[in-house]
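Architecture and fold: a report
Next come the chains, spelled out residue by residue.
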Amino acid sequence: MGGSKFSGNYTDRARRVVVLAQEESRWMMNDSYIGPEHLLLGLLHAEPDAVQTALGVWPEEVRVAIVRFASPGPPDTSEELPFTRGALDALKAAQRTAREHHCDHVGIKHLLFGVLSVHRDRLDRALDAAGVDRESAQTRVMAALTQG
């Protein structure tokens, strides 16, 4: 699942997001890596309602904004795609957020908060293009985490 750098105690739903991120990277974006924008695409695919609530925009608007920055070319067919520094930072932020909320597992909300915590060019441009207010989105996710 994205190489040996993906580790930790993730819920089945959060693990599914990472698998979907790899598929989105390879087949939709024609990329040879998993970045935070791919994790967000995985979240959009697996948990559109949670993402819509957090981001305050329709999931399709975010998807279109991310795909707009896709690279042309054939899909990468290697067995595993490496995580970028930004994706690893998002996963670490998700793990840290889970620990801070005394959770044994990294779940969807932790993962979404982690993605929103990193700033990378492609992700930032896509969120801006979709009209996402990142600070408000982080506040909504944190409120949801605090409420349980």
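Our structure is the block above this text.
Residues numbered from 1 in each chain as written. Predicted model: local features only at pLDDT ≥ 70, side-chain atom pairs only at ≥ 80, totals over all residues. Heavy atoms only, no water.

So, on to the overall build of the chain. Helices and strands together make up the secondary structure of the chain, namely eight helices and zero strands. Going residue by residue from the N terminus, the α and β elements of the chain occur as α-α-α-α-α-α-α-α. Long-range pairs, those at least 24 residues apart, make up 69% of the contacts in the chain between residues at least 6 apart in sequence. For the chain, the accessible surface area stands at approximately 7,300 Å², while carbon and sulfur atoms represent 50% of it. (Helix = DSSP H or I, 4+ residues; strand = E, 2+ residues; numbered from the N terminus. Contact = heavy atoms within 4.5 Å. Areas by Shrake-Rupley, 256 points an atom, 1.4 Å probe, with all protein chains shown as cover.)

Turning our attention to the pattern of salt bridges. Applying the stated criterion across every chain, the model contains eight salt bridges. Taking the shortest distance from any N to any O, the salt bridge between R63 and E24 comes out at 3.0 Å. Within this pair, whereas R63 is found in helix α4 (residues 59-67), its partner E24 is found in helix α1 (residues 12-28), the two being separated by 39 residues in sequence. A residue is classified by how much of its surface remains accessible, and R63, at 16% relative accessible area, is buried. Residue E24 is classed as buried on the basis of its relative accessible area, which comes to 6%. Note that E37 is salt-bridged to R122, the shortest N-O span being 3.1 Å. Taken as a pair, E37 in helix α2 (residues 36-46) and R122 in helix α7 (residues 121-130) lie far apart in primary sequence, 85 residues in all. Given a relative accessible area of 10%, R122 falls into the buried group. (Salt bridge = Lys/Arg side-chain N within 4 Å of Asp/Glu carboxyl O. Buried < 20%, exposed > 50% of the residue type's maximum accessible area, 1.4 Å probe, protein only.)

Right, let's talk about the nonpolar core for a bit. Counting residues in hydrophobic clusters, the biggest one holds 44 residues, and the most contacted among them are L39, L40, L43, L55, V62, I66 and V132. At the level of secondary structure, the elements contributing two or more residues to this core comprise α1, α2, α3 (48-55), α4, α5 (85-100), α6 (108-117), α7 and α8 (134-147). (Core = buried A, V, L, I, M, F, W, Y, C linked by side-chain atoms within 4.5 Å.)

Moving on to the packing of α4 against α7. It is at 8 Å that the axes of α4 and α7 come closest, and there the two elements cross at 135°. The orientation of α4 relative to α7 falls into the category oblique. Crossing geometry of α4 relative to α7 is assigned as right-handed. On α7, the residues touching E61, V62, A65 and I66 of α4 are A126, A129 and A130. (Axes fitted to C-alpha atoms, helices over the stretch in contact; angles between N-to-C directions. Parallel < 35°, antiparallel > 145°, perpendicular 65-115°, else oblique. Left-handed = near helix turned anticlockwise from the far one by under 90°.)

This paragraph deals with the environment of A87. Tracing the backbone shows A87 in helix α5. On a C-alpha basis, the gap between A87 and G35 in space is 4.7 Å, while along the polypeptide they are 52 residues apart. Setting aside residues up to four positions removed in sequence, A87 forms contacts with I34, G35, P36 and L39.

Right, let's talk about the environment of D128 for a bit. Structurally, the position occupied by D128 is in helix α7. Owing to a relative accessible area of 60%, D128 belongs among the exposed residues under this scheme. Considered as a pair, D128 and V62 are 66 residues apart in the sequence and their alpha carbons are 9.3 Å apart.

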